[in-house]
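# Notes for the structure review
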Amino acid sequence: MDLAIVVAIDFVYAIATLALISLGLAVVFGMMRIINLAHGEFMVMGSYSAAVAVHHHINIWIAILVVPPLTVAIIGAIIERLIIRQLYGRMVETMLATWGLSLFVVGILTMVFGDITEGVPTPLPGITIGAYQASGYSLFVIVFSVATMFGVYIILRSSRLGLLARGTMQNAEMAAALGTDTSRIYAVTFAFGAALAGLAGGVLAPVSGVFPSIGGSYIGRAFITVIGGGAAPLVGTASASLLFGTINQIATFATNPVYGEVALLLAAIVLIRVLPQGITGRYMRGSL
Amino acid sequence: MIGLLRSNSGLVAVGIVGLALLAGLPVTLDLYTLLQITLYAIFAILALSLAFIWGYGGILCFGHSAFFGLGAYAYAVAVINIGESTVPLLIAMALPALLAAGLGYFMFYARISDVYVGVITLTVTLIFYNVINSTAGPQYHIGEALIGGFNGMPNVPSLNIPFLPDDTLDPQGMFVLCMGLLLVVYFGLHGLLVTRFGRVLVAVRENEQRVEFLGYDARLHKLIAFSIGGALAGLAGCLFTAWGNYVSPTAFSVVQSAQIIIWLMVGGSGTLLGPVIGAVAISWLTVEIGTQQVVNANVVLGAILLVFVLLVPKGVAPMITEKFVPWVLSLRRPAATPHQLPQEGKA
């Protein structure tokens, strides 16, 4: 029984982290049809901002939950203005440009912080389940991931900004004709996606360790979760994370983490072949 | 004959320069520079393999390093087991070609559109990278060859004269081989592109649906082109391993894939000469950056990719052929009479 609980936590944790790292990318992809290959580096910048904040003796919770999204949102807004805006509607060029951006950011981070691993302390102690030890922080990540999804849902569903964003997503020209400043909506949406990426980087910083090239290990998983999920950012991310996270954990459980990741990637390739528009391109169309 | 030469004057010039380099460099350059230029030639072959499938086939392969790495590892494993390099070289081309054919069948026959082809190829690269990286330890071996995981495989034998295992190529021989193969690949692809197959392939890039309406099988043309590109990338991988006697999982890395795309973007993906120039220029630049400690190479590579996507999307080569050459010609022939042409149509 105790073992079952620990294993269940592992499963849900894998799904929750997958959703958390994909959400920012999914919002940008769903709303703007842009695949940001620098998403992993946005997360790493979030992690570094958390690490720097901790070094300056800022409260750990503020350092991982408040500083990263704010920092990366500002960076995202600047990048939108300088790069993304020039390439709207050109998906391949956007991918190439953000790929260049990702290399650029890795290089800058290496120059500034060096090729070493920074640590961010884990703010929660471990918990004991029967004879087993589980990480209290894992439980926090699970709860936080669900809360973030819910928060994004509330923002998109209920706020005026969410309404305008959804309208622009459905029909940009009509939204513009009705007086919406669509380019500002795009800018805000991109910054919002960047903030979510930064938040994910901040939350995962105590678990993963922080070094310049770690974004590469996020981007593959986030990327295929978003493509596999399809256009609807929330339902797509949730369903694809559920599917891929489960496959990942089963394979990890049966073999080792490397083959878990490989199984996840293989599953993604098959899914894209069967459903090129993603899960929400076929089922639950028009959901958020 | 003279008319044919004149109408292909660019190609003839490339051939003459190439042969001159092939014959002249080994006797004039010191060993270190010659080794570097051999590497550039290998990378130029790799650039050509992607230029063919991306620039002419319209296949957005974001994970070209999968084929490069597979060729590199296939050669290493085969040559250690066989002890002679002729068959391993062929294996190093055949395996990536098979992988490309399988992947191509998987993607093109499902009519997966361009961006998703990019996603899938990138994912395949990630799979290879993960798997190879995890094979450290004595239990991972193919025959006598230890895969070595993240440590890579050292002491891989060089290429030898076919079927004479003791006659390994010296650096000069290796240079002549790589440079010669580069010329063969360059002119071979040019020749291929003017055949019926090549023309249909370019037409598929322009408008897949229209080509199918005309009765051609676009999927098959893409599949064959993809396999050829895979085989050539495998050849480059094989030469790369034989050049350095070493291969590591970075051959499969995403950065390696990005680098090939950067060569294309800088040189001009719609040409064959451009990617060669791009590969040589960027490789040279990377080495130069590596010798100083001020700027990280990734910063420069990323900035170059960004700048070219945003400002010079066609690359350098079209700028030379469309702007510079006409300008030079117009200097030589000022008698051309553009003022007699009707001007209304120009915006």
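Residues numbered from 1 in each chain as written. Chains lettered and ligands numbered in written order. Predicted model: local features only at pLDDT ≥ 70, side-chain atom pairs only at ≥ 80, totals over all residues. Heavy atoms only, no water.

## Comments concerning the overall build of chain B
Each helix and strand counted, chain B has 14 helices and two strands in total. For chain B, whose C-alpha radius of gyration is 21 Å, the value lies close to the compact-globule estimate of 20 Å for 347 residues. Across its three principal directions, the C-alpha atoms of chain B cover 75 × 55 × 50 Å. By residue count, 48% of the 347 residues in chain B fall in the buried class. (Helix = DSSP H or I, 4+ residues; strand = E, 2+ residues; numbered from the N terminus. Rg over C-alpha atoms; globule rule 2.2 N^0.38 Å. Buried < 20%, exposed > 50% of the residue type's maximum accessible area, 1.4 Å probe, protein only.)

## A look at the side chain of A:S145
Residue and element names in this part refer to chain A. Tracing the backbone through its elements, the reader meets S145 in helix α6 (residues 136–158). Look at S145 and you get buried, because its relative accessible area is 4%. Once you skip the residues sitting within four places of it in the chain, S145 turns out to touch A16, A19 and L20. (Contact = heavy atoms within 4.5 Å.)

## Here we look at the confidence of the model for chain A
Of all residues in chain A, 100% attain a pLDDT of 70 or more, and the chain-wide mean is 90. Here strand β2 (residues 132–134) of chain A stands out as the least confident element of chain A, with mean pLDDT 81; helix α4 (residues 67–82) of chain A is the most confident, with 96. (pLDDT = per-residue confidence, 0-100.)

## Re the packing of helix α3 (residues 31–56) of chain B against helix α8 (residues 196–206) of chain B
Residues and elements named next belong to chain B. Interhelical geometry of α3 versus α8 gives an angle of 55 degrees and a closest axis separation of 8 Å. As judged from the angle between their axes, α3 and α8 are oblique. Two secondary-structure elements touch here, α3 through F52, G55 and Y56 and α8 through F197, L201, V202 and R205. Considering only residue class, the contact of α3 with α8 consists of five nonpolar, one polar and one charged. (Axes fitted to C-alpha atoms, helices over the stretch in contact; angles between N-to-C directions. Parallel < 35°, antiparallel > 145°, perpendicular 65-115°, else oblique. Nonpolar A, V, L, I, M, F, W, Y, C, P; charged D, E, K, R; others polar.)

## Side note on the interface of chain A and chain B
Listed by partner, the interface residues are 38 residues for chain A and 40 residues for chain B. Of the roughly 3300 Å² buried at the junction of chain A and chain B (both faces included), carbon and sulfur atoms supply 84%. Together, A:W99, A:L103 and A:R273 form the three largest contributors to the area buried by chain A at its contact with chain B, with a combined 22%. Where chain A packs against chain B, one counts zero salt bridges. On inspection of chain A and its partner chain B, the count reaches one residue pair in polar contact (both at pLDDT 80 or more). Within the residue set of the side of chain A that touches chain B, elements represented by two or more residues are α5 (91–113), α10 (215–229) and α12 (257–274) of chain A. Looking at the side of chain A that touches chain B element by element, the count peaks at 16 residues for α5(A). Partitioning the side of chain A that touches chain B into residue classes produces 29 nonpolar, six polar and three charged. (Buried area = accessible area lost by both parts, 1.4 Å probe. Salt bridge = Lys/Arg side-chain N within 4 Å of Asp/Glu carboxyl O. Polar contact = N/O pair within 3.5 Å; in protein donor to acceptor, adjacent residues only side chain to side chain.)

## Observations concerning the nonpolar core
Core analysis: the largest hydrophobic core is formed by 190 residues, its most contacted members being A:F42, A:L96, A:W99, B:F62 and B:F226. Ignoring any residue separated from it by four or fewer positions in sequence, one finds A:W99 in contact with A:L37, B:F62, B:L122, B:V254, B:S257, B:A258, B:I261 and B:L305. (Core = buried A, V, L, I, M, F, W, Y, C linked by side-chain atoms within 4.5 Å.)

## Regarding the packing of α5(A) against helix α11 (residues 254–267) of chain B
Where α5(A) contacts α11(B), the axes come no closer than 11 Å and their chain directions differ by 125 degrees. With respect to α11(B), the element α5(A) is oriented oblique. As α5(A) packs across α11(B), the resulting crossing turns out to be left-handed. Every residue of α11(B) that contacts α5(A) at A:L96, A:W99 and A:L103 is listed here: B:V254, B:V255, B:S257, B:A258, B:I261, B:I262 and B:M265. Residues belonging to the contact of α5(A) with α11(B) are distributed by class as follows: nine nonpolar, one polar and no charged. (Left-handed = near helix turned anticlockwise from the far one by under 90°.)

## Remarks on the pattern of salt bridges
Residues and elements named next belong to chain B. Applying the stated criterion across every chain, the model contains six salt bridges over all chains. Here R205 ties to E206 by a salt bridge, and the two come within 2.9 Å at their closest N and O atoms. Take R205: its relative accessible area is 33%, and that puts it in the partly exposed class. Classification of E206 by relative accessible area gives exposed; the value is 57%. Of the charged contacts, one joins E208 and K222 as a salt bridge, the two residues approaching to 3.1 Å between their closest N and O atoms. One end of the pair, E208, is in helix α9 (residues 208–213); the other, K222, is in helix α10 (residues 218–244), with 14 residues separating them in the sequence. Owing to a relative accessible area of 28%, E208 belongs among the partly exposed residues under this scheme.

## A word on the environment of A:A268
Residues and elements named next belong to chain A. Topologically, A268 is positioned in helix α12. Measuring from C-alpha to C-alpha, the distance between A268 and E93 comes to 23 Å, with 175 residues separating the pair along the chain. Those residues in contact with A268 that lie beyond four places of it in its chain are I224 and F244.

## With respect to the side chain of B:T121
All names here are of chain B. By the secondary structure assignment, T121 is in helix α6 (residues 114–133). A distance of 2.9 Å separates the side chain of T121 from the backbone oxygen of V117, its partner in a polar contact. Among all residues touching T121, those that are not within four sequence positions of it are L60, C61, F62, G63, M107 and F226.

## Describing a nonpolar patch on the surface
Residue and element names in this part refer to chain B. Together, L273, I277, I320, F324, V325, W327, V328, L329 and L331 line one region of the surface with nonpolar side chains, adding up to about 760 Å² of accessible area. Those elements giving two or more residues to the nonpolar patch turn out to be α12 (273–290) and α14 (316–332). Counting residues per element, the nonpolar patch draws most heavily on α14, which supplies seven residues. (Patch = residues over 30% accessible without salt bridge, like charges linked within 9 Å, V, L, I, M, F, W, Y side chains within 5 Å. Areas by Shrake-Rupley, 256 points an atom, 1.4 Å probe, with all protein chains shown as cover.)

## Some thoughts on unusual backbone geometry
Backbone geometry follows two general trends: most residues other than glycine have a negative phi, and most peptide bonds adopt the trans configuration. Of note in this structure, A:H57 is not a glycine but carries a positive phi near 60 degrees. Note on placement: A:H57 falls in the loop between α2 (39–55) and α3 (60–65). Despite not being glycine, B:F163 shows a phi value in the positive range, around 65 degrees.

## Describing the packing of aromatic side chains
Inspection of the entire model under this criterion finds 18 aromatic pairs over all chains. For the pair A:F42 and A:F190, a centre-to-centre distance of 6.1 Å together with 85 degrees between the ring planes defines the contact as edge-to-face. Taken together, the residues A:F42 in helix α2 and A:F190 in helix α9 (residues 182–208) connect sequence positions 148 residues apart. Of the two residues examined, A:F42 and A:F190, each falls in the buried class. Pairing A:Y48 with A:F113 gives two aromatic rings, centres 4.2 Å apart and planes at 20 degrees, and the pair type is stacked. Here the residue A:Y48 occupies a position in helix α2, and A:F113 occupies one in helix α5, the gap between them amounting to 65 residues. A relative accessible area of 24% places A:F113 in the partly exposed class. Across the ring face of A:F29, the terminal group of A:R33 is positioned such that the distance to the ring centre comes to 4.7 Å. Sitting above the plane of the B:F106 ring, A:R273 keeps its charged end 5.2 Å from the centroid. (Phe/Tyr/Trp six-rings, centres within 6.5 Å; stacked < 30°, edge-to-face > 60°. Lys NZ or Arg CZ within 6 Å of the ring centre and 35° of its normal.)

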